[in-house]
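Each chain is listed here by its residues.
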Amino acid sequence: MTQHADLLLAAFAHFFPGAKTLGSYIDGELVEGQGEPVQLYDAATGLASLTYRDAGAALVDHAASSARRAQREWWALTHMARGRVMNDVARAIRAQVEPMARLESLGSGKPIRDCRGEVAKVSEMFEYYAGWTDKFYGSVIPVPTSHLNYTRREPAGVVLQITPWNAPVFTCGWQVAPAVAMGNGVLLKPSELTPFTSLALARIAEQAGLPRGLVNVLAGFGHTVGQAAIAHRTVSKVVFVGSPATGARIAEAAARRVVPCVLELGGKSANIVFADADLKRAALTAQAAIFAGAGQSCVAGSRLLVQRAVYDEFVAMVASGAKQIRVGAPLDDATEVGPINNRKQYDHVMSMIARGVADGATLAAGSAERGDGGYFVAPTVLAGVTNDMDVARTEIFGPVVAAIPFDTEEEAVAIANDTDFGLAGAAWTTDVARAHRVAAQVNAGTFWVNGYKTINVASPFGGYGLSGYGRSSGVEALYEYTQTKSVWVETAEAPPTAFGYL
Ligand code: NAD
């Protein structure tokens, strides 16, 4: 085995002592897959790392029956008891931030400091939803008959969650916490490239008190395990986080079984800088908005719209900052931007940079040259971009920002909305009325004023248009993970009947 494979396996064995390879986590056990081998690579070197076997369709059935059984057990507890367990899970995750962050960093290529923050956020998600377990309930409806009519909030049942490689542990906690808070069982299908921390999280949660088999992790490919899970009759809801093309395939497969979906998809978000803004703060934040996570973030501020009067000055500030960002090895504490997660994505990012240059954009920072070894991409600023260029329309999902000039507020809004996506956006201005006007007019599920990328489990999150539908986080996620039952109880002593014979 390569050195990376050794390190990865050792980090994994912290959670699964004695593990010799990866598998799926089903009914409290790490089970070896039965499908095709999955080859993993070290993003920092491009060299082959571990291999493991795809779960295969047979394990889906095992996972589904485990989730169904455990879900009944879990739902039979009191709401408050579920909340207590979730708080225990939150504490258990907090106690494992360092080993979990190391596993995430080795398994995904993300900088270790980002991983620490994301694991801590997962703990917060369990804590937040622990508080909701006994506070999300039905109501009594004043119907115009002699009935007592009330609603019950019941779990969706066994939910399938399919997550991407860019924020593995974060997206896992993000969806698992509200699902189990509302009494559901879970089948989680993480990206075949990054299943490590989802497996570890399921294990920690179970050790902290979730019933055995409530959260099952199926490691493997989407077209095999993912599709088999969508088709499984036990699955009653699908929550997908990933690209629009895959989202459409998933929604299609779910529709065949009349199973509802939540789709959290990609973005091409506009970060709009007006000339009256605090340019220094805006330039610092514009860098974090696109370069954090090497741009592999759904909400990345990938279109930087700058008012023409300050365009050259502002783009020069962002480009100068981009050149100073510390790009390096994932496990190095000083690293601010790590490699791209995988080869296919690296090739896509590099080809988009070349496309931008071919279409007439200029490289204010970064390079169209490929490095040797590892999937590193220098923070890249493309200047002189117009919104009809490919680099302004396609999700690059890398550390590449397209800087587009505009003249008026109206034009800025028009450019921001001239996209199929609608995930996020931002406006930088000191004019408070303009800030609210623009926030109201940009078609996006999240909008920031004089800031970027703040998200919190308490606040709803989701897309408009090609960025998806349904909402995650906050109270809105609880509607997604429950269904409403209306109960009618006759209270009249001698109620009339329409007809009937004895
Ligand atoms: P992807 O769509 O390629 O894969 C996502 C998941 O879907 C993986 O688990 C994959 O195995 C699975 N999958 C692939 N094909 C499938 C199929 N035919 N049936 C069932 N499952 C299948 O996405 P990715 O490349 O892993 O992630 C990047 C994308 O995710 C970007 O578009 C990014 O914007 C998006 N994303 C969105 C959010 C959000 O909240 N809106 C968050 C993170 C990432």
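Here, residues in each chain are numbered from 1, in the same order as that chain's written sequence. For a predicted model such as this one, the threshold for reporting local features is a pLDDT of at least 70, and the threshold for listing and counting side-chain atom pairs is 80 or more; totals across whole chains, interfaces and linings nevertheless cover every residue. The side-chain figures draw on all heavy atoms in the structure; neither hydrogens nor water molecules are used.

- The chain is annotated in an unreviewed UniProt entry as Betaine-aldehyde dehydrogenase from Paraburkholderia tropica.
- UniProt positions are given in the numbering used here, feature names are shortened, and annotations may be inferred rather than shown by experiment. Per UniProt, the chain carries the Sequence similarities (unreviewed entry) text "Belongs to the aldehyde dehydrogenase family."

## Concerning the UniProt feature "active site" (unreviewed entry) in the chain
- The UniProt feature table records "active site" (unreviewed entry) at Glu-264.
- Contacts between residues were defined by any pair of non-hydrogen atoms, one from each residue, lying within 4.5 Å. Not counting the four nearest positions on each side in its chain, Glu-264 is found in contact with Trp-174, Phe-240, Val-241, Gly-242, Phe-461, Gly-462, Gly-463, Ser-467, Gly-470, Arg-471 and Ser-472.

## So, the packing of aromatic side chains
- Side-chain rings of Phe, Tyr and Trp (the six-membered ring for Trp) are treated as a pair once their centres are within 6.5 Å; stacked means planes under 30 degrees apart, edge-to-face means over 60, and tilted covers the remaining angles. Under the counting rule described, the total for this entry stands at twelve aromatic pairs.
- Plain terms: the ring middles of Trp-165 and Phe-397 are 5.5 Å apart, the flat faces sit at 70° to each other, and that makes the pair edge-to-face. Separated by 232 residues along the polypeptide, Trp-165 in the loop between strand E7 (158-162) and helix H6 (168-181) and Phe-397 in the loop between helix H13 (390-393) and strand E16 (400-406) bring together distant segments of the chain.
- Seen from their ring centres, Trp-174 and Phe-461 are 5.6 Å apart, and the 70° between their planes marks the pair as edge-to-face. Where helices and strands are cited, they refer to DSSP runs of H or I of at least four residues and of E of at least two residues respectively, numbered from the N terminus.

## As for the UniProt feature "domain: Aldehyde dehydrogenase" (unreviewed entry) in the chain
- Residues given the UniProt feature "domain: Aldehyde dehydrogenase" (unreviewed entry) here are residues 32-487.
- Between the end C-alpha atoms of residues 32-487 there is a gap of 45 Å, over a span that is 41% helix and 19% strand.

## Here's the deal with the sheet that holds E16
- Here a strand pair is declared whenever DSSP counts at least two bridges between the two strands. Strand order across the open sheet formed by seven strands is E14-E15-E16-E13-E12-E17-E18, with mixed pairing between neighbours. Of all the strands in the sheet, the pair left with one neighbour each is strand E14 (362-365) and strand E18 (446-449). In this sheet, neighbouring strand axes are inclined to one another by 25° on average, regardless of whether the strands run parallel or antiparallel.
- Both strand E12 (residues 270-273) and strand E17 (residues 424-428) contribute to a ladder of four bridges, which runs parallel. Following the sheet pairing, Ala-270 is matched in E17 by Gly-425.
- The angle between two axes is taken between their N-to-C directions and runs from 0 to 180 degrees, where each axis is a line fitted to C-alpha atoms and a helix contributes only its stretch in contact. Packed onto the sheet, helix H11 (residues 308-324) meets E12, strand E13 (303-307), E14, strand E15 (380-383) and E16 and runs at close to 140° relative to E13.

## A look at the nonpolar core
- Here the nonpolar core consists of buried residues drawn from Ala, Val, Leu, Ile, Met, Phe, Trp, Tyr and Cys, with membership extended through side-chain atoms lying within 4.5 Å. Residue burial is assigned from relative accessible area. The probe radius is 1.4 Å, only protein chains are included, and a residue is buried under 20% of its type maximum, exposed over 50%, and partly exposed in between. With 137 residues, the main nonpolar core has Phe-126, Val-180, Ile-272 and Phe-314 as its most contacted residues.
- Considering each element in turn, this core owes the most residues, nine residues, to H6.
- Once residues lying within four places of it in the same chain are set aside, the contact partners of Phe-314 are Val-273, Leu-279, Ala-282, Ala-283, Ala-286, Leu-304 and Val-306.
- Of all hydrophobic cores here, the second largest spans 28 residues; its members include Leu-59, Ala-253, Cys-261 and Leu-263.

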